[in-house]
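Tertiary structure, described
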Amino acid sequence: MKLRVKGFGLLLLLVLLALCSTIDVCDARRGKHWRPRSSPSSSLLKKKGKAKKGSSHRQHGGNRRSPPPAPPGVGKGHQTPYQPSPNVPVSPSPSPSPKPSPAKGNGHTSPQPPSPSCGKGRQPPPQPPPVASASPGAVFNVVDFGAKGDGISDDTKAFQAAWAAACKLGASTVLVPSELEFLVGPISFSGPYCKPNILFQLEGTILAPTNAKAWGSGLLQWLEFTKLSGLSIQGSGTINGRGQQWWTYSDPNDDEDDDTYNQELERMPRVKPTALRFYGSSNVVVAGITIVNSSQCHLKFDNCQGVLVHDLTISSPENSLNTDGIHLQNSKDVSIHHTNLACGDDCISIQTGCSNIYIHNVNCGPGHGISIGGLGRDNTKACVSNVTVRDVNMFRTMTGVRIKTWQGGIGLVQDIRFSNIQVSEVQTPIMIDQFYCDKRTCTNQTSAVAVSGVQYENIRGTFTIKPLHFACSDSSPCSGITLTGVQLKPVQIAHYHLNNPFCWQAFGELFTPTIPPIACLQIGKPAGNNLQTYHDIC
């Protein structure tokens, strides 16, 4: 009996030991706070898996909408724009589109505008207008619309079709691809039914026609953009006006001319077109492109507000007549900077109706300098105000900074500042001419466009004819002229006769001694001349 009890007890002990061996005593102590421990590698794999899935989703989403052209700030050789089929336009992204960066930029940081230091009522120089934005998805390549790009075939209709598609969609891009030359006749890219914020991405070359038939009896412009808002023309491409056909005009009475050459050179119409013109538009950007050899003015803004021009190159021979670089008329809030201008007339011409013009960091030459006017032609009214020109280099130009008005006009030029102008072998660096005449003779008249409040600060360098020329009207003398830090030294050039500074009816003040001395400036204000304000006259 005792042996049975001991055997049963031993059996019970073995059963209990067997049961205890299957229980993790340490884990059991954790109770409800215990959780299975995941290995570090397992957690890392889960995180990588999520990231990979997200990036894959974005990549596939991007394949549904192909990438846009590279930002305009990217130079040649770095841009591989997508070329969609014209039959399947891509809708613009609903999200706000990024602002394009300056095309063909040189890494310049625009200096801050100088604080106003001139007369009453002067406003600070205008800030650059907002840069137009373009949707990253809507790209219309002119090649997809039938453009050949061989420099021979007429691609005008293809450009019109691509523009029409962009107009309907808005916030889109018209792409002129690189390494191709497009022959385009006179064309108008017009609104007002175009939707805003179109980017004209110019990477290739646009050529003007050279046959007389394309121009008919003569046109005022070749490429025109009218009544648009938020338009940008950017890229590293070229607009070639091929104006040699007008400059090398052949005289049929000249017996020394080569007959074969005369047959090949068709006589072009007398009316010469501006290469690129903007009319009635707002918030316009022109950046990075090159404009060469226009038959007349290269770039013109008429009745525009909010204009930004930068990193531009304009070039034509100095003997190409009337080929102004940039022409401004009836335009406001204009900023031009970091631009190279070489032409056969004014590098920049500022005409009537312009105000809040800010020009800085510009190279000019050859050419006629930077001019306000001629104003008041044919007894008209002309008004220009608040113009700042600073940090400019001029080389071998006819004049430096100039104001020119016709006799018989009315109006006022007021609050003008020329600062930090470096001149080299410039014929006449400083000029105000209220007797301007581009003919052999002009009729003497008494009235004139008044000139008031003109500052000259740090105008330095060399001249070849005359350092300064102030020819002002007897009835409307120039007033409020101030000169500071003017240092101009002569360079003797063959066949040029050096002259001393000239002043007539010019009143103002010398804040520092000048080189050479400008003793002809009359200190103070003109006697008995009741000056009217800009608002009274204009």
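Residues numbered from 1 in each chain as written. Predicted model: local features only at pLDDT ≥ 70, side-chain atom pairs only at ≥ 80, totals over all residues. Heavy atoms only, no water.

- The name given to the protein chain in an unreviewed UniProt entry is Polygalacturonase, with the source organism recorded as Triticum urartu.
- In its Subcellular location (unreviewed entry) section, UniProt records this for the protein chain: "Secreted, Cell wall". (UniProt positions renumbered as here; feature names shortened; annotations may be inferred.)

A few points about the side chain of Asp433
- Tracing the sequence through the fold places Asp433 in strand 25 (residues 428-433).
- Within the buried core, Asp433 has no salt-bridge partner, and the shortest N-O distance to an opposite charge, that of Arg402, equals 6.4 Å.
- When sequence neighbours within four positions are dropped, the list of residues in contact with Asp433 reads Ile403, Lys404, Thr405 and Ala471. (Helix = DSSP H or I, 4+ residues; strand = E, 2+ residues; numbered from the N terminus. Buried < 20%, exposed > 50% of the residue type's maximum accessible area, 1.4 Å probe, protein only. Lys, Arg positive; Asp, Glu negative; His and termini not counted. Salt bridge = Lys/Arg side-chain N within 4 Å of Asp/Glu carboxyl O. Contact = heavy atoms within 4.5 Å.)

Remarks on unusual backbone geometry
- With an omega of 0°, the peptide bond running from Gly365 to Pro366 counts as cis.
- Position of Pro366 relative to the elements: it lies in the loop between strand 20 (354-364) and strand 21 (370-375).
- In this structure, the amide linkage connecting Ile515 to the following residue, Pro516, adopts the cis form with an omega of -5°.
- With respect to the helices and strands, Pro516 occurs in the loop between strand 31 (506-510) and strand 32 (522-523).
- For Asn197, which is not glycine, the phi torsion reads 65° and is therefore positive.
- Along the chain, Asn197 turns up in the loop between strand 5 (187-190) and strand 6 (199-202).
- Within the chain, Asn293 stands out as a residue other than glycine whose phi angle is a positive 55°.
- Assignment of secondary structure puts Asn293 in the loop between strand 13 (290-292) and strand 14 (299-302).
- Its relative accessible area of 16% is what places Asn293 among the buried residues.

Digging into the packing of aromatic side chains
- Under the criterion given, the structure shown has 13 aromatic pairs.
- Seen in terms of ring centroids, Phe189 and Phe225 are 4.7 Å apart; in terms of plane orientation they differ by 20°. Their pairing is stacked. Here the residue Phe189 occupies a position in strand 5, and Phe225 occupies one in strand 8 (residues 221-226), the gap between them amounting to 36 residues. Accessibility classification places Phe189 together with Phe225 in one group, the buried group.
- Ring centres 5.7 Å apart and planes at 85° place the aromatic pair Phe200 and Phe225 in the edge-to-face group. Pair noted here: Phe200 is in strand 6 and Phe225 is in strand 8, with a separation of 25 residues, a long-range link. You'll find Phe200 and Phe225 in the same group, each marked buried. (Phe/Tyr/Trp six-rings, centres within 6.5 Å; stacked < 30°, edge-to-face > 60°.)

A look at helix 4 (residues 156-169)
- Along its 14 residues, helix 4 runs 21 Å from first to last C-alpha, staying within 8% of the 20 Å computed at 1.5 Å per residue.
- Once helix 4 ends, the next one or two residues include Gly170, with phi positive near 75°. (Expected span 1.5 Å × (residues − 1).)

Looking at the sheet that holds strand 27 (residues 468-471)
- Reading across from one edge, 5-8-11-14-17-19-21-23-25-27-30 is the order of the 11 strands in this open sheet, with parallel pairing throughout. The outermost strands of the open sheet, each flanked by one partner alone, are strand 5 and strand 30 (502-504). The sheet shows a mean angle of 15° between the axes of neighbouring strands, taken without regard to direction.
- For strand 14 and strand 17 (residues 326-329), the ladder comprises four bridges, and the chain directions are parallel. Within strand 17, the residue paired with Lys300 across the bridge is His327.
- Together, strand 5 and strand 8 form the strand contacts of helix 4, whose direction differs from that of strand 5 by roughly 5°. (Pairing = 2+ DSSP bridges. Axes fitted to C-alpha atoms, helices over the stretch in contact; angles between N-to-C directions.)

What to know about the pattern of salt bridges
- Using the criterion set out here, one finds seven salt bridges in the structure.
- The partner of Glu224 in a salt bridge is Arg277, with the nearest N and O atoms 2.5 Å apart. In this pair, Glu224 is assigned in strand 8 and Arg277 in strand 11 (residues 274-279), connecting sequence segments 53 residues apart. Each member of the pair, Glu224 together with Arg277, is buried.
- The closest approach of N and O atoms between Asp391 and Arg390, which form a salt bridge, is 2.0 Å.

Remarks on a nonpolar patch on the surface
- A surface patch of nonpolar side chains, amounting to about 280 Å² of accessible area, comprises Phe435, Phe502 and Trp504.
- Position of Phe435 relative to the elements: it lies in the loop between strand 25 and strand 26 (450-463). (Patch = residues over 30% accessible without salt bridge, like charges linked within 9 Å, V, L, I, M, F, W, Y side chains within 5 Å. Areas by Shrake-Rupley, 256 points an atom, 1.4 Å probe, with all protein chains shown as cover.)

Remarks on the confidence of the model for the protein chain
- With 70% of its residues at a pLDDT of 70 or more, the protein chain shows a mean pLDDT of 80.
- Low pLDDT, under 50, characterises residues 20-122; the predicted model gives this stretch 119 contacts beyond four residues in sequence or across chains.
- Overall, residues 250-265 carries pLDDT values under 50, and its contacts beyond four positions in sequence, including any with other chains, amount to eight contacts. (pLDDT = per-residue confidence, 0-100.)

Points about the state of the cysteines
- One pass over the structure, following the stated rule, counts six disulfides.
- One disulfide bridge connects Cys472 with Cys478, the sulfur atoms lying 2.0 Å from each other. Disulfide Cys472-Cys478: torsion about the S-S bond near -100°, hence left-handed. Note on accessibility: Cys472 and Cys478 belong to one class, buried.
- Each sulfur of the disulfide joining Cys503 and Cys520 lies 2.0 Å from the other. Of the two residues, Cys503 sits in strand 30 while Cys520 sits in the loop between strand 31 and strand 32, which places them 17 residues apart along the sequence.
- The class of Cys503 is buried, set by a relative accessible area of 13%.
- For the protein chain, the bonded cysteines connect in the pattern 1-2, 3-4, 5-12, 6-7, 8-9, 10-11 when numbered consecutively along the sequence.
- The closest cysteine sulfur to the non-disulfide-bonded Cys297 is located on Cys343, 8.7 Å from its own sulfur.
- Unpaired in terms of disulfides, Cys354 finds its nearest cysteine sulfur in Cys304, a separation of 10.0 Å. (Disulfide = S-S within 2.5 Å.)

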